[in-house]
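Structure assessment
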Amino acid sequence: MDVGIIGLSQSGKTTVFNALTKGTAETTGGGMSEVHIGVTKVPDKRIDVLSEMYNPKKVVHAEIKYFDIPGSNHESKSQGIAGQYRNLLQGADAFLIVVRTFDDPSVIHPANKIDPKDDLSTMLNEILFADLEILDRAVDRLEDAIKKSKTSERPNVVKQQDIVKKVKQGLEDGIPLRRQQLSESDQSFLVNYQLLTGKPVIVAFNTDETSDPITLQNLDWDYGLDSELGEVSLSAKLESELALMPEQEEAEFRVDLGLGDSALTQVIAITYSTLGLASFLTVGEDEVRAWSIPAGLPAQEAAGTIHTDFSRGFIRAEVIPYEDLTRCGSLAQGRKEGVLRSEGKTYPVKDGDIIHFLINV
Ligand SMILES: Nc1nc2c(ncn2[C@@H]2O[C@H](COP(=O)(O)OP(=O)(O)OP(=O)(O)O)[C@@H](O)[C@H]2O)c(=O)[nH]1
Ligand SMILES: [Mg+2]
């Protein structure tokens, strides 16, 4: 799972990145920044409990990869999205948009005012404009292709151009791709364009240390045609400092300062819910491991996240919910009690399923 961290210059992207990855990337920038890539383990208490049960050689958490993607420099007409990073943006599964609400005269704001609503609109619009640019070019290219196509191929190319025009019109009306009603075949054609407005968005308000949490609701955010924004409020500077402390010390500080869950825990929780993710688990003496997948993914496809051979040679999945396994104490006991089930290819995998795949290789 790859999440692209984006936002206006000096909004605190790199600071958020450090808080999420326990990193120490330099937070200066001002258009001089570079891309930072870091991996975060998805915290999961179930892994700890299962590790105690199995005492495995290896313990592997699910992972989320974060990309800190610099905004554009001052010469560029756009404020938040730099063309040279387009392929990174396209590769992301979701965007975390950092929106500044902290007040600090020593940190320059590109518009010289702290206006989170305005900044968020700017970023959402830039994502939309980036897609419009792609589709404008696509319409022209398809126009060319229509002229050059053989009579037999023409209807198909015309149809493709119609799809592109329809989506473009939707964007012009302010509807991001993720909110447009499209048939499955339209959607699979559009995958070619890797449009940015098709990706889920989570807003991260970067607040002062002492500020109450900021929400879209208390900003009177007008969702308009886009009601699917995830949100989280954090003080990135404080969180990035806490993230570097030894665990115990961090926990004590959190209690003293009256802080709740870490930025990492909060951001991952909202990432899972906004993207509709779930973790299934595999257990054994060799390895206890969590795997993140879209919730409800058919068992055969979930097997494919472990290895393509697992998907190809899939026979069936033995599934036991986490609570049942911990109560029973072993898979054998789960089988005796009838809570270890045998499921077929299409079984929709749920969060907390412990799965043993039977495969034929
Ligand atoms: N007071 C305060 N300062 C912050 C906070 N978050 C970030 N900063 C400061 O703001 C400045 C910019 O932070 P960065 O994390 O580098 O911001 P950025 O969005 O990565 O900046 P560019 O990469 O240059 O676009 C740094 O000096 C940070 O220390 C915050 O929550 N409060
Ligand atoms: Mg930066």
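A few points on the structure. (Residues numbered from 1 in each chain as written. Chains lettered and ligands numbered in written order. Predicted model: local features only at pLDDT ≥ 70, side-chain atom pairs only at ≥ 80, totals over all residues. Heavy atoms only, no water.)

Observations concerning the pairing of strand 5 (residues 94-100)
Applied cut-off: Working definition: with a 1.4 Å probe on protein chains only, accessible area under 20% of the residue-type maximum means buried, over 50% means exposed, and in between means partly exposed. A run of DSSP states H or I qualifies as a helix once it reaches four residues; a run of E qualifies as a strand once it reaches two. Both are numbered from the N-terminal end.
Judged by how many residues are buried, strand 5 sits mostly within the fold: 7 of 7 residues are covered. Alternating positions in strand 5 separate into two faces, Ala94, Leu96, Val98 and Arg100 on one and Phe95, Ile97 and Val99 on the other, with burial throughout.

Some points on the pattern of salt bridges
Which entries qualify depends on this criterion: Here a salt bridge means any side-chain nitrogen of Lys or Arg lying within 4 Å of a carboxyl oxygen belonging to Asp or Glu.
Counted by the stated rule, this structure contains 22 salt bridges. One salt bridge connects Lys150 with Glu153, and the closest N-O pair in it is separated by 4.0 Å. The closest approach of N and O atoms between Arg312 and Asp309, which form a salt bridge, is 3.2 Å. Of this pair, Arg312 and Asp309 both sit in helix 11 (residues 308-312), 3 residues apart, which is roughly one turn of the helix. With relative accessibility at 65%, the residue Arg312 sits in the exposed group. Taking relative accessible area as the criterion, Asp309 reaches 29% and is therefore assigned partly exposed. Within the structure, one salt-bridge network assembled from shared partners comprises Asp44, Arg46 and Asp351.

A look at helix 1 (residues 13-21)
Buried residues dominate helix 1, accounting for 9 of its 9 residues. Buried within helix 1 we find Lys13, Thr14, Thr15, Val16, Phe17, Asn18, Ala19, Leu20 and Thr21. Within two residues after helix 1, Lys22 carries a phi angle of roughly 50°, on the positive side.

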